[in-house]
Amino acid sequence: MSESTIIVERSERVGIIRLNRPKAYNALSGILINELLDALRSFESDTNIGAIILTGNDKGFCAGADIKEQSELSFVNAYNQDYLKNLNDGFFAVHKPIVGVINGIALGGGCELAMMCDILYAAETATFGQPEITLGTIPGAGGTQRLIRAIGKSKAMHMILTGEAISAKEAEAAGLVAKVLPLEEVFSAALKTGTQHASKIASFSAPVVAMAKEAVNEGEWNISERTVHY
Ligand code: DAK
């Protein structure tokens, strides 16, 4: 039986999902996306869970769409599977806060996955980038939409049109992440801090947290139709 592409844990009322494809920098294979969505759905329906943490492993957060897998798909298969849209829709369906703990690279779909979270904490080693243009394509999971809302047009354009990544400090200054954590013991410190914040949120009224999250998302998108096309 193949190894799971995610590790699911819980710490009191906090559900923790760790991406777990170290040999591929946690690239988003179809299997990983399905397992991630299953874990999100499971935590969403679990009344003992009040918040969710999504993080990577010691290879970093996520290198984006699985390039090898994608390159083997026919157009029809890629179109029908539409993994990235499923991923985006799956995050929209979660009413509990999702804290992303970004402990290293967050590239392409990895940066977009980070932006699907509600609050981001980054390690000092984290980098954020949309390198799709270097592969002859554009961000395919909301990057063109979320990045402009998170950091403004000029910085978003710079990242998307050059493919250059930004550091955790730059991401914090630009408003992409809420907090940058100390470098020493990056992973455990980031996870611990993320867990503490998630636990704090989890102690509040669940319906009120869900309403607050919904209101913020409405403000971010200002649209009733939740589909992100790119
Ligand atoms: N997918 C699959 N495998 C990956 C990968 C990825 N994204 N990133 C890394 N790997 C694999 C490498 O192939 C290598 O595998 P082996 O050769 O060992 O089998 C292993 O991870 C280690 O990689 P490196 O040898 O390159 O390790 P380094 O430490 O030197 O570099 C790196 C690590 C993460 C900086 C580098 O691998 C890298 O730059 N990776 C690619 C990052 C990237 O370009 N990400 C964006 C992916 S594209 C759309 C649909 C989809 C998309 C766009 C539009 N539409 C529907 C419109 C695509 C979106 C993307 O995310």
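So, how was this worked out
Residues numbered from 1 in each chain as written. Predicted model: local features only at pLDDT ≥ 70, side-chain atom pairs only at ≥ 80, totals over all residues. Heavy atoms only, no water. UniProt positions renumbered as here; feature names shortened; annotations may be inferred. Pairing = 2+ DSSP bridges. Helix = DSSP H or I, 4+ residues; strand = E, 2+ residues; numbered from the N terminus. Axes fitted to C-alpha atoms, helices over the stretch in contact; angles between N-to-C directions. Polar contact = N/O pair within 3.5 Å; in protein donor to acceptor, adjacent residues only side chain to side chain. 1 Å grid on protein atoms, 1.4 Å probe; cavity = no way out; pocket = protein on both sides within 12 Å on 5 of 7 lines; lining within 4 Å. Points joined across faces, edges and corners; volume = space filled by probe spheres on them. Nonpolar A, V, L, I, M, F, W, Y, C, P; charged D, E, K, R; others polar. Near = heavy atom within 4 Å. Areas by Shrake-Rupley, 256 points an atom, 1.4 Å probe, with all protein chains shown as cover. Salt bridge = Lys/Arg side-chain N within 4 Å of Asp/Glu carboxyl O. Buried < 20%, exposed > 50% of the residue type's maximum accessible area, 1.4 Å probe, protein only.

- Per an unreviewed UniProt entry, the chain is named Enoyl-CoA hydratase, and its organism is Rhizopogon vesiculosus.
- Note on the chain: under the UniProt heading Sequence similarities (unreviewed entry), the record states "Belongs to the enoyl-CoA hydratase/isomerase family."

Side note on the sheet that holds strand 4 (residues 98-102)
Right, so step 1: Spatially, the six strands line up as an open sheet ordered 1-2-3-4-6-9, and their pairing is mixed. The strands lining the two open edges of the sheet, one partner per strand, are strand 1 (6-11) and strand 9 (179-181). The average angle at which neighbouring strand axes cross in this sheet is 20°, direction not considered.
Right, so step 2: Across four bridges, strand 3 (residues 51-55) lies against strand 4 in parallel orientation. For Leu54, the partnering residue across the bridge sits in strand 4 and is Gly100.

Examining the side chain of Thr5
Right, so step 1: Inspection of the secondary structure puts Thr5 in the segment before strand 1.
Right, so step 2: Side chain to side chain, Thr5 and Glu35 meet in a polar contact 2.6 Å long.

Concerning the layout of surface pockets
Right, so step 1: Here the second largest pocket is characterised by a volume of approximately 530 Å³.
Right, so step 2: Residue lining of the second largest pocket: 26 residues in total, with Cys117, Asp118, Ile119, Asn217 and Glu220 positioned closest to the centre.
Right, so step 3: Elements represented by at least two residues in the lining of the second largest pocket include exactly helix 4 (83-92), helix 5 (109-116), strand 6 (119-123), helix 6 (143-151) and helix 10 (206-221).
Right, so step 4: The element contributing the most residues to the lining of the second largest pocket is helix 10, with seven residues.
Right, so step 5: Of the residues belonging to the lining of the second largest pocket, the class tally is 18 nonpolar, three polar and five charged.

Quick word on the site of the ligand
Right, so step 1: The environment of the ligand is formed by 22 residues, the closest being Tyr25, Ala63, Ala65, Ile67 and Gly109.
Right, so step 2: Backbone polar atom of Lys23 to an oxygen atom of the ligand: 3.1 Å apart, as the coordinates give it.
Right, so step 3: In the environment of the ligand, a nitrogen atom lies 2.9 Å from a nitrogen or oxygen atom belonging to the backbone of Ile67.
Right, so step 4: Compared with its free state, where it exposes 1,100 Å², the ligand has 58% of that area covered by protein.
Right, so step 5: Mapped onto the shell around the ligand, the elements with two or more residues apiece are helix 2 (67-71) and strand 5 (105-107).
Right, so step 6: Along the lines of polarity and charge, the residues of the shell around the ligand split into 12 nonpolar, six polar and four charged.

Some remarks on the pattern of salt bridges
Right, so step 1: Under the defined criterion, the tally for this structure stands at seven salt bridges.
Right, so step 2: Here Asp38 makes a salt bridge to Arg41, at a shortest N to O gap of 2.8 Å. Of this pair, Asp38 and Arg41 both sit in helix 1 (residues 30-45), three residues apart, which is roughly one turn of that helix.
Right, so step 3: Assessed through its relative accessible area of 44%, Asp38 is described here as partly exposed.
Right, so step 4: Here Asp118 ties to Lys213 by a salt bridge, and the two come within 2.8 Å at their closest N and O atoms. In this pair, Asp118 sits in the loop between helix 5 and strand 6 while Lys213 sits in helix 10, placing the two residues 95 residues apart along the sequence.
Right, so step 5: Overall, the relative accessible area of 12% leaves Lys213 in the buried class.

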